[in-house]
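# Commentary on secondary and tertiary structure
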Amino acid sequence: MATLAFDRDLAVPAGAPDPPPAPEREVADPHTTAVLELPALLEVVARFAATDLGAQRVRQLRPLAAAGDHGEAGLAELEARRARQRDAAALLATGETLAPSWGEPLRDTYEALAADARAIAAHQLPVLAEALGAAASSWRLVCRDGAEIATPHLSALAHSRVPEAKVRGLEELAARVRRVLDPRGDVRPDASPALTRLRGAVRRHRDALYESFGGYLEQHRDELTGDTPSLRDGRLVVLLPAGSRGRLPGLVHSRSATGRSLYFEPLEMVEANNDLQAALSEEEAERQRLIAELIDSLAALGEAPTAALDLMADLDLHQAVQRFARSCSAELPELTDQAPRLVAARHPLLDQSLRKERVAALGAGGGEREVVPVELDFEHGRVLVVTGPNAGGKTVALKTLGLLTLMAACGLPVPAGDGTRLPRLRRALAVLGDEQDLLAERSTFSGHLARLHEAWRAAGPGTLLLVDELASGTNPQEGAALALTFIEHLVAAGGWALVTTHLIEVAAAAFRLEGAASLATELHEDTGEPTFRLRHGPPESSRALDLARRLGLPGAWLDAAASRLGNEQLDLRRLLAEVHALRQRADKELAGLAVERADQETLNRRLHAELDSAREDRKAMRRRFDDELARFRRDARQRLAAEAQTVRARLAAAGTAPSPRAEAREVDEAVERTLEVAAPLLEVAPPPEPDLGRPGAVAEGDDVRHLGLGWQGRVARIDGERVEVAVQGKRVRVMRRELVRAAAPARPKTRFGGVATRDPIESTEVASELNLIGQRVEPALEKLDEYLDAALLGSRPQVRVVHGHGSGRLRDAVRAHLARHAAVATSAPAPPQQGGDGATVVTLRDASAPKGSG
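What comes next is a walk through the structure. Fair warning: this is a prediction, and the values are worked out from it, not measured in the lab.

Let's shift gears to the overall build of the protein. The number of helices and strands found in the protein is 23 helices and 25 strands. Burial statistics for the protein: of 854 residues in total, 42% are counted as buried. Counting only carbon and sulfur atoms, one obtains 52% of the accessible surface of the protein, whose full area is about 45400 Å².

The following block contains the structure:
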């Protein structure tokens, strides 16, 4: 019956709909912020504050909702906080100080000022004045014009808090307080001329009174007790024995503690005492007047003094945050609606760089060993399910993600590496720790289910749910059923969730579920101990027995427990190990493919650049050809005209000169006849630029051109990305991306002016050597094949391949490939003067020789 009582608060009628979700509220409830240790973190950050007001502002930080119905205003405020943090970082990097260190607490003075400026006590004025002066200096620091480091967001904050016109009033008030009061709040003796005069009058009256008392004591030594006067209620008196009362005229003020003496004011000293009291009263009135003037000046500034302290507290907050960030190498993370990611993230309450501050703030510094950074990526799924051994780092990873996300929602930098992305939050909720509540008749599992119910309702875009040990504390089969349904709901609802569990069935289902992913804590390959790193892939068992052995539990106990596990558990662990090994091999192959893909992209970029360069060269060649042709035409006409002139001169010398008109006609006709003969040569134009098309867009039978080497041929066969091209009776194998369609078959040689010419690309010179140093084996062998094909087409009898010494792997692969290459007649190490064993000399077969000849 007790169990039923524990669970009664969870009873829901069958088929009843979920209650409506709670209205928008704070990003995280008190339980979530407590179990994720945000208050403890803020206490550590507060240790970096210079004032108690700044430390209080740090402790008051709360996460802001940057998504959901009310996210627009929260996001604007969050971005403003982040912008001010960037300003503060830039300014502090120059060595400036936003808020000076303050030994005395300001909180009481601030609260008294905020309540009623006229109620400020005199002893509070010096502290307040110094604080206001410091606030004014900080205001001018962040608002200065033309500064080398611009701080527009801090400047806007300062102007919004304290108008510039009030800043000078604050500075003047601080100066006046320093002139009038000393650090203890007492009025200085020279605070005003009137006070100086009154203090002189008091001193004269006191000196005269002491002189009169000296004479009186000397005269009545026998009747009095003691030989010096004393001060009683502000008046000088002497001690008179109780039995002598009435013997001397005067006033009795009181009796001594023993009762044997009376404090006696002689009648002849009453008037002098009255004069001293009057002078003291005037002096005190002047002091009070000066203090009242200061308080009036303070009140005349209105809300400016309170606002100035507010500003200084806020600037101190930003300064403390930046000092914290510098101490643990924290940076403002990217806020995103995309998949969150942690890169080299460290839990700040475990980071050794903050140990001293943790001891001062929390009384404990944490462990001694270095923290393993957390790497976490939600690109594989919106819900990540983490399995692995006890004490393997699952909960630390969960808490690190949760705390850093809340820090980012507060506008704080986080100790994580570049590339870290954290979500814009509508709500964060953690199901973590023992939810047992005896007074509410709630068991541990009841409390766990109640929090899961709240998480179920909260799930949706903009939420981060963190669940530790999902559905634990009950029957494993029922717990797994609850957990799987819960995870499916989270995936469907959206948002992000990180879940830890020891239920392998749950993690295995998440491994297969679209939108979810399985992670496991990694184990050392040799020792089998946790490395405290997470890896994506199949689930990992809890390994409770392994942990028990490391903790030193009795071996007989553990051996007996192991024998009860049965073959199913052992087979499962063995299967998981095999899957993990396969995954590692796949990861290595994927990494290799990524490198090859990068190489391919680099080659494509290089080929495209060479193609663009070739096009520019062709354009330049055409321009040069046009210029040469025009020059040739001018020279031809000039030579023909000169020749005609010579002909005319010769005719004239022979005495057979015709009429001028006939002569001119004959000469012109001769020139035209000459030009008609030369016209076919003069009208020759360079070949048009072919349309190369898109690299790789070729088909069998196409006439193609090689982008790098320039030769032309016809596609004989295509096998995926490899293409076999027929070139002058030979078959050349190349990659598809290296070919473009040719506009027409290769042109035959033409004659221009009796000189044979060839297409510029077709006549490309083949280098006498190929350098493969620094390349991987497979790309190097592909490049070697292409080079040998080009060398055959270029009729080179011998070439040199430079591969270097290195580890010898590339050299051996090149020589083995040459030994079985059909185009190679012989190959041998190069002579010492040509590189020795770091190069290979290759003799090629005669391309015109019959196949198989040497």
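Right, let's get into the pairing of strand β12 (residues 496-500). The side chains of a regular strand alternate between both faces of the sheet. Of all the 5 residues making up β12, 5 are buried; the element is thus mostly covered by neighbouring parts of the structure. The side-chain alternation of β12 yields two buried faces, one formed by Trp 496, Leu 498 and Thr 500 and the other by Ala 497 and Val 499. Summarising the sheet, strand β8 (residues 383-387) and β12 pair through 4 bridges and their orientation is parallel. Considered in β12, the bridge of Leu 384 is made with Leu 498. Sheet analysis places strand β11 (residues 463-467) next to β12, joined by 4 bridges and oriented parallel. Looking at the pairing, Leu 465 lines up with Ala 497 of β12.

Next up on the list: the pattern of salt bridges. A full pass over the atoms with the stated rule returns 39 salt bridges. Between Glu 130 and Arg 178 there is a salt bridge, with its nearest N and O atoms 3.4 Å apart. You can see Glu 130 sitting in helix α7 (residues 125-143) and its partner Arg 178 sitting in helix α9 (residues 164-180), a full 48 residues away along the chain. In this structure, the salt-bridge partner of Arg 199 is Glu 283, at a minimum N-O distance of 3.0 Å. With a gap of 84 residues between them, Arg 199 in helix α10 (residues 193-219) and Glu 283 in helix α11 (residues 270-300) connect regions that are remote in the sequence. Residue classification places Arg 199 among the partly exposed positions, given a relative accessible area of 30%. What you see here is one network of salt bridges that share partners, running through Asp 29, Arg 427, Arg 451 and Glu 454.

Here the phi dihedral of Ser 329 falls at roughly 55°; this positive angle occurs in a residue that is not glycine. If you trace the backbone, Ser 329 turns up in the loop between α12 (304-328) and β5 (334-336). If you check the backbone angles, Ala 344 has positive phi at about 50° while not being a glycine.

Another aspect to go through is α7. With 19 residues, α7 should reach 27 Å at 1.5 Å per residue; the first-to-last C-alpha distance of 26 Å fits that figure. Of all 19 residues in α7, 16 are buried; the element is thus mostly enclosed.

Moving on: the sheet that holds strand β2 (residues 235-241). A sheet is described by the order of its strands in space; here 4 strands give the open sequence β1-β2-β4-β3, paired in antiparallel fashion. Each having just a single partner strand, β1 (225-232) and β3 (250-255) make up the two edges of the open sheet. With direction set aside, neighbouring strand axes in the sheet form an average angle of 40°. Sheet topology places β3 next to strand β4 (residues 261-266); 5 bridges connect them, and they run antiparallel. For Ser 254, the partnering residue across the bridge sits in β4 and is Tyr 263. Helix-sheet contacts for α11 involve β2, β3 and β4, and the interaxial angle to β2 is about 145°.

This part covers the environment of Ala 299. Note on placement: Ala 299 falls in helix α11. Look at Ala 299 and you get partly exposed, because its relative accessible area is 24%. Taking the C-alpha atoms as reference points, Ala 299 and Leu 113, 186 residues apart in sequence, are found 9.3 Å from one another.

This part covers the environment of Thr 32. Following the sequence through the fold, Thr 32 ends up in helix α2 (residues 30-35). The class for Thr 32 is buried, based on a relative accessible area of 0%. Separated by 434 residues in the primary sequence, Thr 32 and Leu 466 place their C-alpha atoms 9.3 Å from one another. Each residue touching Thr 32, except ones within four places of it in the same chain, is listed here: Ala 428, Leu 429, Ala 430 and Arg 451. One polar contact links Thr 32 to Arg 451, side chain to side chain, over a distance of 3.2 Å.

Moving on: the sheet that holds strand β23 (residues 798-802). Spatial ordering of the open sheet is given by β22-β23-β25-β24, a layout of 4 strands whose pairing is mixed. On the outer flanks of this sheet lie β22 (769-771) and β24 (824-829), each paired with one strand and no other. On average, adjacent strands in this sheet sit at an angle of 20° to one another, irrespective of strand direction. Relative to strand β25 (residues 839-844), β23 runs antiparallel, the two being bridged by 5 bridges. By the bridge assignment, Val 802 is partnered in β25 with Ala 839. Lying on the sheet, helix α23 (residues 809-819) is in contact with β23, β24 and β25; it crosses β25 at an angle near 10°.

Its location among the elements puts His 318 in helix α12. Side-chain polar atoms of His 318 contact the side chain of Gln 85, separated by 3.0 Å. In contact with His 318, other than residues within four places in its own chain, are Arg 81, Arg 84, Gln 85, Ala 88 and Leu 154.

This paragraph deals with the nonpolar core. Core analysis: the largest hydrophobic core is formed by 60 residues, its most contacted members being Leu 376, Leu 401 and Leu 498. What Leu 401 contacts, discounting residues up to four positions off in sequence, is Leu 342, Leu 376, Phe 378, Leu 422, Leu 464, Leu 466 and Leu 498. Counting residues in each nonpolar core, the second largest holds 53 residues, with Leu 98, Leu 125, Cys 143 and Leu 315 among its members.

Once that is clear, we can look at the pairing of β4. Along β4, 6 of the 6 residues are buried, which leaves the element largely enclosed by surrounding structure. In β4, alternate side chains face the same way, and those of Ser 261, Tyr 263 and Glu 265 on one face and Leu 262, Phe 264 and Pro 266 on the other are all buried. Adjacent in sequence and paired antiparallel, β3 and β4 are bridged by 5 residues, among which Gly 259 carries a positive phi angle near 85°.

What counts and what doesn't
- Residue numbers here run from 1 along each chain, matching the order of that chain's written sequence.
- Given that the model is predicted, a residue must reach a pLDDT of at least 70 before its local features are reported, and side-chain atom pairs must reach 80 or more before they are shown or counted; all residues, however, enter totals for whole chains, interfaces and linings.
- Side-chain descriptors were evaluated using all non-hydrogen atoms of the structure, hydrogens and water having been removed beforehand.
- Numbering of helices and strands starts at the N terminus; helices are DSSP runs of H or I of at least 4 residues and strands are runs of E of at least 2.
- Burial classification: accessible surface area is computed with a 1.4 Å probe over protein chains only, and a residue below 20% of its type maximum counts as buried, one above 50% as exposed, and the rest as partly exposed.
- Accessible areas in this description were obtained via Shrake-Rupley with a 1.4 Å probe; residue shielding takes into account the shown protein chains only.
- Paired strands, in this sense, are two strands between which DSSP finds at least two bridges.
- Every case where a carboxyl oxygen of Asp or Glu lies within 4 Å of a side-chain nitrogen of Lys or Arg is listed as a salt bridge.
- How far a helix is expected to stretch is found by multiplying one less than its residue total by 1.5 Å.
- The convention used is that axes are lines fitted to C-alpha atoms, helices contributing only their stretch in contact, and that angles between N-to-C directions extend from 0 to 180 degrees.
- Here, residues are in contact when the closest pair of their heavy atoms is within 4.5 Å.
- Under the rule applied, a polar contact is a pair of N or O atoms within 3.5 Å (in protein, one hydrogen donor and one hydrogen acceptor; residues adjacent in sequence only if both atoms are side-chain atoms).
- To form a nonpolar core, buried Ala, Val, Leu, Ile, Met, Phe, Trp, Tyr and Cys residues must be joined to one another through side-chain atoms within 4.5 Å.

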